[in-house]
Amino acid sequence: DRLQVVHLTRHPVSTAWSMVTHHYFHQPPRDDDIEKKALLQPSDAGVRIGHHYMEMWDNLSSFEKCLYFWMEVTISIIRGYREWGVRWHQTTFETLFLRDYRELSKLLEFLELEEDKGLYRQLEVRKDNYFFRTGVQVDPNLILKHPMVIKITKQLGYEPTDIDINALRKRYENQGRVWV
């Protein structure tokens, strides 16, 4: 009765690009176990739509594999809130932190928390503790090759190519600290 779920979404292109900076699905693989233990692949038990990706998996770029991961996780969450029958609030990362704070106010209301002006002041300070960049060339238009990703993207209220590519390049491409 008390369980409430907040589903914070983020555009799949910016999510996948960010994952690429952390060398998810990269060759050579990372030197930790994250791919084996946490990154979904089409051959994993319990994946929802992996069978559509099995045959092409080895030919996908790391960016496309990250799009697949985003899609699998998102589908599981959407199906979960339909099946669990709990109070649910979905909002986007992009709108939650807009300067007018309407979405943040809705979230606080959903959580039955009072608004705190100190919270709004804290949000004025940008913090990025994991500021990685990549030398991997990312083509954000590859999303257009994946109709199932596009379908989920649109279900969440995003347009697949409605994203500031120049801002993403500036943020994620190799101009500073790089995961090596």
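Everything below is about the structure printed above this text.
**Student:** So what about the overall build of the protein? Which residues, and what values?
**Tutor:** Scanning the protein for helices and strands turns up eight helices and two strands. Secondary structure elements in the protein, listed N-terminal to C-terminal, are β-α-α-α-β-α-α-α-α-α. At 18 Å, the protein has a C-alpha radius of gyration in line with the 16 Å of a compact globule built from 180 residues. By its C-alpha atoms, the protein is 50 × 40 × 30 Å across when sized along the principal axes. Per-residue burial for the protein yields a buried fraction of 43% across its 180 residues. Residue pairs at least 24 apart in sequence account for 72% of intrachain contacts in the protein once pairs closer than 6 positions are excluded. Between the averaged position of the 25 positive side-chain charges in the protein and that of its 26 negative side-chain charges there is a distance of 2 Å.

**Student:** Give a detailed account of the nonpolar core, specifying residues and quantitative values.
**Tutor:** Core analysis: the largest hydrophobic core is formed by 31 residues, its most contacted members being F63 and M71. Among the elements of the structure, helix 1 (12-21), helix 3 (62-84), helix 7 (147-155) and helix 8 (165-172) are those that each provide at least two residues to this core. With nine residues, the single largest contributor to this core is helix 3. Aside from chain neighbours lying at most four places away, what touches M71 is I49, Y53, M148, V149 and I152. If you look at the next biggest cluster of nonpolar residues, it comprises six residues, including L96, Y101, L107 and Y120.

**Student:** Quick one: what's the story with helix 1, residue by residue and with numbers?
**Tutor:** Extensive coverage of helix 1 is indicated by the burial of ten of its ten residues. Among all positions of helix 1, only P12, V13, S14, T15, A16, W17, S18, M19, V20 and T21 are buried. Where helix 1 is buried, its residues meet helix 3, helix 4 (93-96), helix 7 and helix 8.

**Student:** I'd love a proper account of the pattern of salt bridges, names of residues and values included.
**Tutor:** What the rule picks out here adds up to three salt bridges. Where E112 meets R87, a salt bridge forms, and the shortest distance between an N and an O atom there is 3.8 Å. Taken as a pair, E112 in the loop between helix 5 (102-110) and helix 6 (117-123) and R87 in strand 2 (residues 87-92) lie far apart in primary sequence, 25 residues in all. Note that E103 is salt-bridged to K106, the shortest N-O span being 3.2 Å. Of this pair, E103 and K106 both sit in helix 5, separated by three residues, roughly a single helical turn. In this structure E103 comes out as buried when scored by relative accessible area, which is 18%.

Criteria and cut-off values
Residues numbered from 1 in each chain as written. Predicted model: local features only at pLDDT ≥ 70, side-chain atom pairs only at ≥ 80, totals over all residues. Heavy atoms only, no water. Helix = DSSP H or I, 4+ residues; strand = E, 2+ residues; numbered from the N terminus. Rg over C-alpha atoms; globule rule 2.2 N^0.38 Å. Buried < 20%, exposed > 50% of the residue type's maximum accessible area, 1.4 Å probe, protein only. Contact = heavy atoms within 4.5 Å. Lys, Arg positive; Asp, Glu negative; His and termini not counted. Charge placed at Lys NZ, Arg CZ, Asp CG, Glu CD. Core = buried A, V, L, I, M, F, W, Y, C linked by side-chain atoms within 4.5 Å. Salt bridge = Lys/Arg side-chain N within 4 Å of Asp/Glu carboxyl O.

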